[in-house]
Amino acid sequence: MSLMKKIYHFYYDGFKSMKVGKKLWLLIAIKLFILFFIIKLLFFPNVMQTHFKTDEARSAYILDQLTQGE
Amino acid sequence: MEHLDPSVIDWSRAQFALTALYHWIFVPLTLGLTFIVAIMESIYVKTGDVWWKKTTKFWMGLLAINFAIGVATGIIMEFEFGTNWSNYSWIVGDIFGAPLAIEGIMAFFMESTFFALMFFGWDKVSKRTHLLSTWMVAIGSNLSALWILIANGWMQHPVGMHFNPDTARNEMANFWELVFNPNAYSKFLHTISSGYVLASLFVIAVSSWYLLKRRDIIFARRSIIVAASFGLIVSLFNLTTGDDSARQAALHQPMKLAAMEGLYSGKNGAGIVGFGILNPEKKPGDEKKEFLWKMEFPYALSLLSFHKLDAYVPGIDQLVYGDKTHGIMSAKEKMAKGKEAVAALTAYKEAKKAGDKSAAQQALQRFEQNSKYLGYGYLKDPLDIVPNVPLTFYAFHTMVIFGTWFIVMFILILYFAMINELKERRWLLWAALFTLPLGYAAQEAGWIVAEVGRQPWAIQDMLPVGMATSNIATSPVMLTFWLFAILFTALLIAEVKIMTTQIKIGPEGGNHV
């Protein structure tokens with residue numbers, strides 16, 4: 001058996017023989033879906049990436065923030 | 001900053017605290033349980049006794065549950081950095097990027113590869129290869145913590161960097177200085193060893209439950225002997241790393257140390273308060289007494305902080321109002337220097353815009369002279385440098401008192417387990433069972449000391465939290481705070497439910513995750 005096949009079977013058999021693990025994987029999948037596809041997309045934009053196109057603009061903005069009030 | 005709603009700072013802080021505190025429920029158990037499992041498997045490989053294999057597999061199952069529930073709860077903090085703390089993220093970007101990238105790569109390759117071997121590899125790879133995988137999981141997960149704590153240690157004691165006024169970012173000047181930051185190492189060792197203590201308490205608590213139920217006696221006794229031995233050794237190590245952590249605070253964050261000890265008025269030969277009740281009326285600078293009641297170990301704070309019995313330890317008053325005798329600059333003076341740094345930064349920005357190279361050069365020199373105090377330039381009141389003293393003090397003393405009890409408990413448990421009289425000592429088994437929540441409380445208290453104690457700084461002396469926060473609306477931060485509270489609580493309930501089910505089934509139930 002080729003190495004790739006051996007690795008495939010190793011993981012396949014491992015996942016197949018899981019008991020509690022199946023429940024845990026389901027939980028992980030649900031959690032990752034909620035985190036990345038709901039919470040991240042809807043509520044957590046990267047402010048600097050979204051509002052500014054270049055690093056120069058980002059630097060200028062932060063420099064303004066640091067020097068405001070002067 | 002203009003137009004920043006102050007409540008967004010509080011909600012962002014509350015959200016970060018909630019996330020970190022919940023994340024920290026899962027992480028320390030994983031850090032410690034991986035080592036306990038590795039020790040148990042090592043005994044199995046050495047003795048060939050299948051009992052140890054069964055024992056290892058049972059605890060490995062509980063480790064898998066904890067790992068699965070806890071995995072990715074930390075990623076939320078990265079979301080928060082980008083949204084709620086975008087100023088901070090930009091300013092630290094270069095410094096944080098390297099350790100976190102290394103952590104991500106190491107965690108992915110080491111943990112994911114060896115985790116699969118550890119869980120799926122029984123009877124498929126040789127005993128020694130399997131054992132190696134288990135140890136690699138233990139080492140890999142702990143190394144992940146190293147890189148995170150290097151990043152955190154830098155925030156507490158920023159070294160190896162230079163603030164670039166053109167990019168408004170801290171740029172790495174010396175990677176090795178960052179990596180070998182003494183603050184990071186004391187934090188790392190104290191944090192991981194506290195995780196080992198928690199895992200030992202966990203194994204002992206679960207095993208005690210079996211003994212109280214008079215089932216799986218041999219399994220429980222063997223598990224207890226391993227966990228109590230490991231727990232006792234790492235507790236003593238934890239004591240020394242805690243001492244070093246406090247010493248680092250004395251050297252680099254004296255305000256944090258003063259808050260931890262409720263020390264308002266500095267003194268030579270300062271004592272450590274074993275426990276006390278702070279005077280709620282006490283404010284910095286007034287003449288009221290610090291404590292309503294206290295039990296103190298004389299000279300201990302001076303000795304442990306500076307290794308001299310009569311060393312001077314500054315109090316909150318000296319750090320706020322200054323003390324010329326001991327060469328301590330007041331917060332007001334630091335604020336003046338900070339404002340000078342901010343003014344120089346403004347002048348530099350404007351001179352550059354106007355194309356005036358000479359003026360820019362002069363402004364830059366002024367900035368460099370005062371940049372050490374930059375963060376103070378954004379404070380409004382000298383008292384802003386004082387963290388929440390009661391919270392820091394009580395959290396610190398909770399951690400220390402519980403930590404001391406853990407050592408006593410490990411000794412008692414180990415002694416009675418070694419003379420095979422543990423199952424008759426039901427009071428001790430009950431105590432061990434109820435000590436587990438104290439272990440979690442000590443973990444959370446440790447985080448509070450480290451993070452509340454360093455307020456108002458996001459980066460020590462350089463960036464107060466108010467300047468680190470994004471200029472965003474408060475309502476989404478409030479909403480996500482409650483979303484996370486619900487999500488994390490659901491995960492915690494799931495963890496407890498799945499775990500207790502597996503514990504009830506027990507080691508004889510063929511626990512194969």
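Residues numbered from 1 in each chain as written. Chains lettered and ligands numbered in written order. Predicted model: local features only at pLDDT ≥ 70, side-chain atom pairs only at ≥ 80, totals over all residues. Heavy atoms only, no water.

**Thoughts on the interface of chain A and chain B**
Note the threshold: Two residues qualify as a contact provided that any one of their heavy atoms is within 4.5 Å of a heavy atom in the partner residue. Buried area: the accessible surface (1.4 Å probe) lost by two parts on joining, summed over both. Each salt bridge in this description consists of a side-chain nitrogen of Lys or Arg and a carboxyl oxygen of Asp or Glu lying within 4 Å of one another.
Opposite the 38 residues of chain A that make contact, chain B presents 57 residues. Between chain A and chain B, a total of about 4000 Å² is buried, with carbon and sulfur atoms accounting for 74% of that surface. Ranking the residues of chain A by area buried against chain B places Phe-10, Phe-44 and Leu-66 of chain A at the top, with a combined share of 17%. Counting every contact that joins chain A to chain B gives 2 salt bridges. A salt bridge links Lys-124 of chain B to Asp-13 of chain A, with the shortest nitrogen-to-oxygen separation between them at 3.8 Å.

**A closer look at the environment of Lys-289 of chain B**
All names here are of chain B. Applied cut-off: Helix and strand labels come from DSSP, where a helix needs a run of H or I of at least four residues and a strand needs a run of E of at least two; each type is numbered from the N terminus. Each residue's exposure class comes from its accessible area (1.4 Å probe, protein chains only) as a fraction of the maximum for that residue type: buried when under 20%, exposed when over 50%, partly exposed otherwise.
Mapped onto the elements, Lys-289 comes out in the loop between strand E4 (272-278) and strand E5 (291-297). Classification of Lys-289 by relative accessible area gives exposed; the value is 53%. Distance in space between the C-alpha atoms of Lys-289 and Asn-279 is 6.9 Å, their sequence separation being 10 residues. Once residues lying within four places of it in the same chain are set aside, the contact partners of Lys-289 are Asn-279 and Lys-282.

**Points about the pattern of salt bridges**
Residue and element names in this part refer to chain B. In this structure the tally under the stated criterion is 14 salt bridges over all chains. Ionic pairing is found between Asp-123 and Lys-53, a salt bridge with its closest N-O pair at 3.0 Å. A residue pair is termed long-range when its members are at least 10 positions apart, and Asp-123 in the loop between helix H4 (86-120) and helix H5 (127-156) and Lys-53 in helix H2 (residues 50-70) qualify at 70 residues. By relative accessible area, Lys-53 is classed as buried at 14%. A salt bridge links Glu-451 to Arg-454; its shortest N-O distance comes to 2.4 Å. Residue Arg-454 is classed as buried on the basis of its relative accessible area, which comes to 6%.

**Points about the packing of H2 of chain B against helix H8 (residues 217-252) of chain B**
Residues and elements named next belong to chain B. How we decide: As a rule, the C-alpha atoms of each element are fitted with a line to give its axis, helices using only the stretch in contact, and angles between N-to-C directions run from 0 to 180 degrees. An angle below 35 degrees is treated as roughly parallel, one above 145 as roughly antiparallel, one from 65 to 115 as roughly perpendicular, and anything else as oblique. Gly is put with the polar residues, along with every residue not named as nonpolar or charged; the nonpolar set is Ala, Val, Leu, Ile, Met, Phe, Trp, Tyr, Cys and Pro, and the charged set is Asp, Glu, Lys and Arg.
Running from N to C, H2 and H8 cross one another at 75°; their axes reach a closest spacing of 11 Å. What the angle tells us is that H2 and H8 run roughly perpendicular. Across the interface between the two elements, Trp-51, Trp-52, Thr-55, Phe-58 and Trp-59 of H2 pack against Ile-218, Phe-219, Arg-222, Ser-223 and Val-226 of H8. Across the contact of H2 with H8, the residue classes tally to 7 nonpolar, 2 polar and 1 charged.

**Some remarks on the pairing of strand E2 (residues 169-172) of chain B**
Residues and elements named next belong to chain B. What counts is decided by this rule: Each pair of strands is called paired provided DSSP finds at least two bridges between the two strands.
The pairing of strand E1 (residues 161-164) with E2 spans 4 bridges and is antiparallel. By the bridge assignment, Phe-163 is partnered in E2 with Asn-170. Hairpin remark: E1 followed by E2, antiparallel, with 4 residues in the connecting loop; positive phi at Ala-168, about 60°.

**Regarding a positive patch on the surface**
To keep it simple, the criterion reads: Note that patches include only residues with greater than 30% relative accessible area and no salt bridge, and the join distances are 9 Å for like charges and 5 Å for nonpolar side chains (Val, Leu, Ile, Met, Phe, Trp, Tyr). Each accessible area is a Shrake-Rupley result for a 1.4 Å probe, and residues are judged covered by the shown protein chains and nothing else. His is not counted here, nor are the chain ends, while Lys and Arg score as positive and Asp and Glu score as negative. Taken as the charge location is NZ of Lys, CZ of Arg, CG of Asp or CD of Glu.
A cluster of basic residues, Lys-23 of chain A together with Lys-213, Lys-497 and Lys-504 of chain B, forms a positive patch at the surface. If you trace the backbone, Lys-213 of chain B turns up in the loop between helix H7 (182-212) and H8.

**A word on unusual backbone geometry**
All names here are of chain B. For the bond running from Gln-455 to Pro-456, omega is 15°, close enough to zero to count as cis. At Asp-123, a position not held by glycine, the phi torsion is positive, near 65°. Residue Arg-214 is not a glycine yet carries a positive backbone phi of 55°. Positionally, Arg-214 belongs in the loop between H7 and H8. Of the residues examined, Arg-214 reaches a relative accessible area of 56% and is grouped as exposed.

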